[in-house]
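These are the residues of each chain, in order.
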Amino acid sequence: FTDSNRNLRESKEIMGSVIESQTKSLKEYAIRRLLDTQSSAPVSQEALKECGISFLSERFAVLIVSVDDEMKEKGEEIVSESLGDEMIQITPFPSIHGLSYIISFIEEICVSGKAESILESRIRELLVNYPWIKRAASSDISIGLESVGRDYLEAINVLEYEIELSSRDYLWPIPSGEREKN
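My aim in this report is to walk through the structure given alongside it, one point at a time. Everything numeric here is computed off the predicted structure, so don't read it as measured data. (Residues numbered from 1 in each chain as written. Predicted model: local features only at pLDDT ≥ 70, side-chain atom pairs only at ≥ 80, totals over all residues. Heavy atoms only, no water.)

1. Considerations on the packing of helix H3 (residues 72–83) against helix H5 (residues 115–129)
Defined as follows: With axes taken as lines fitted to C-alpha atoms, and helix axes fitted only over the stretch in contact, angles between N-to-C directions fall between 0 and 180 degrees. Secondary structure counts use DSSP, requiring at least four H or I residues in a row for a helix and at least two E residues in a row for a strand, with both numbered from the N terminus. Any angle from 65 to 115 degrees is called roughly perpendicular, while one under 35 is roughly parallel, one over 145 is roughly antiparallel, and all others are oblique. Rotating anticlockwise by less than a right angle from the far helix to the near helix defines a left-handed crossing, while the corresponding clockwise rotation defines a right-handed one. Any two residues whose heavy atoms approach within 4.5 Å are treated as being in contact.
It is the contact of H3 with H5, at a shortest axis distance of 10 Å, that shows an interaxial angle of 140 degrees. Taken together, the axes of H3 and H5 are oblique relative to one another. Viewed along their axes, H3 and H5 form a crossing whose handedness is right-handed. Facing H3, whose interface residues are Ile78, Val79, Ser82 and Leu83, H5 presents Arg122, Ile123 and Leu126.

2. Quick notes on the pattern of salt bridges
Note the following rule: Should a side-chain nitrogen of Lys or Arg be within 4 Å of a carboxyl oxygen of Asp or Glu, the pair is scored as a salt bridge. Only protein chains enter the accessibility calculation, which uses a 1.4 Å probe; a residue is then buried when its area is under 20% of its type maximum, exposed when over 50%, and partly exposed in between.
For the structure shown, the criterion picks out five salt bridges. As a salt-bridge pair, Arg6 and Asp3 come within 2.9 Å of each other at their nearest N and O atoms. On the criterion of helical spacing, the pair formed by Arg6 and Asp3 is a turn pair, its members being three residues apart in helix H1 (residues 2–35). For Arg6, a relative accessible area of 39% gives the class partly exposed.

3. Here we look at the layout of surface pockets
Unfilled space is identified by rolling a water-sized probe across the atoms. Basically, it comes down to this: Throughout, the protein atoms alone are placed on a 1 Å grid, and a set of points is a cavity if a 1.4 Å probe fits but cannot get out or a pocket if it is open with protein on both sides within 12 Å along at least five of seven lines; lining residues have an atom within 4 Å of a point. Grid points are joined across faces, edges and corners, and a volume is the space filled by probe spheres set on the points. Any residue outside Ala, Val, Leu, Ile, Met, Phe, Trp, Tyr, Cys, Pro, Asp, Glu, Lys and Arg is labelled polar, Gly included; the first ten of those are nonpolar and the last four are charged.
One number sums up the size of the largest pocket: a volume of about 280 Å³. Contributing to the lining of the largest pocket are 17 residues, with Glu28, Glu76, Pro92, Phe93 and Pro94 lying nearest its centre. Elements with a contribution of two residues or more to the lining of the largest pocket: H1, strand E2 (88–93) and strand E3 (99–105). Tallied by class, residues from the lining of the largest pocket come to six nonpolar, seven polar and four charged. Surrounding the second largest pocket, Arg33, Leu34, Asp36, Thr37, Ser39, Pro42, Val43, Leu145, Glu146, Gly149 and Arg150 form its lining. For the lining of the second largest pocket, the elements supplying multiple residues, two or more each, are H1 and helix H6 (148–165). Looking at the lining of the second largest pocket residue by residue, the classes come out as four nonpolar, three polar and four charged.

4. What to know about the packing of aromatic side chains
We apply this condition: The rule is short: rings of Phe, Tyr and Trp, with Trp giving its six-membered ring, pair when the centres are within 6.5 Å, and they are stacked under 30 degrees, edge-to-face over 60, tilted in between.
What the rule picks out here adds up to three aromatic pairs. Geometrically, the ring pair formed by Phe55 and Phe60 is edge-to-face, given 5.0 Å between the ring centres and 90 degrees between the ring planes. Arranged with centres 5.3 Å apart and planes meeting at 50 degrees, the rings of Tyr130 and Trp132 form a pair that is tilted. Take Tyr130: its relative accessible area is 25%, and that puts it in the partly exposed class.

Function-wise, these values are silent; they only describe arrangement.
Written out as structure tokens, the structure is:
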């Protein structure tokens, strides 16, 4: 009886880890499809929800944070906790460019025009408080799931520009004076 209980418990643990691994793989696949600007069939909200991914609204940006190698694991947690709250949702995803996040905003802060300044101040605070963060780059805020792939490319371009400048300053994709005119 004891052996069968132990076997049952071990089987349950194995199945749990298999399900967890498959769920993670499904989420990563859905996000890769979301980021793919070449895809002829964009991923839908329903497909994302089936994979356990939902967003606060249709307002998005992508953030890439470059960190010291030894801080990657801990850094993802710190960045997520520092940026996310009831107004801003942070969805991490794997990327060769650094710690990467799809950021979703509640509609109200976007309509009021506060989303960019809130995000910018939080990112600048991260750069000040955590010297192991080398740089942070984000896309502008856009509307619609189909824009997330372009947002990712935009954040990569901003990151490459920061690297070219050897800058640790947080830069938006377009100068703020230009951003206010749009």
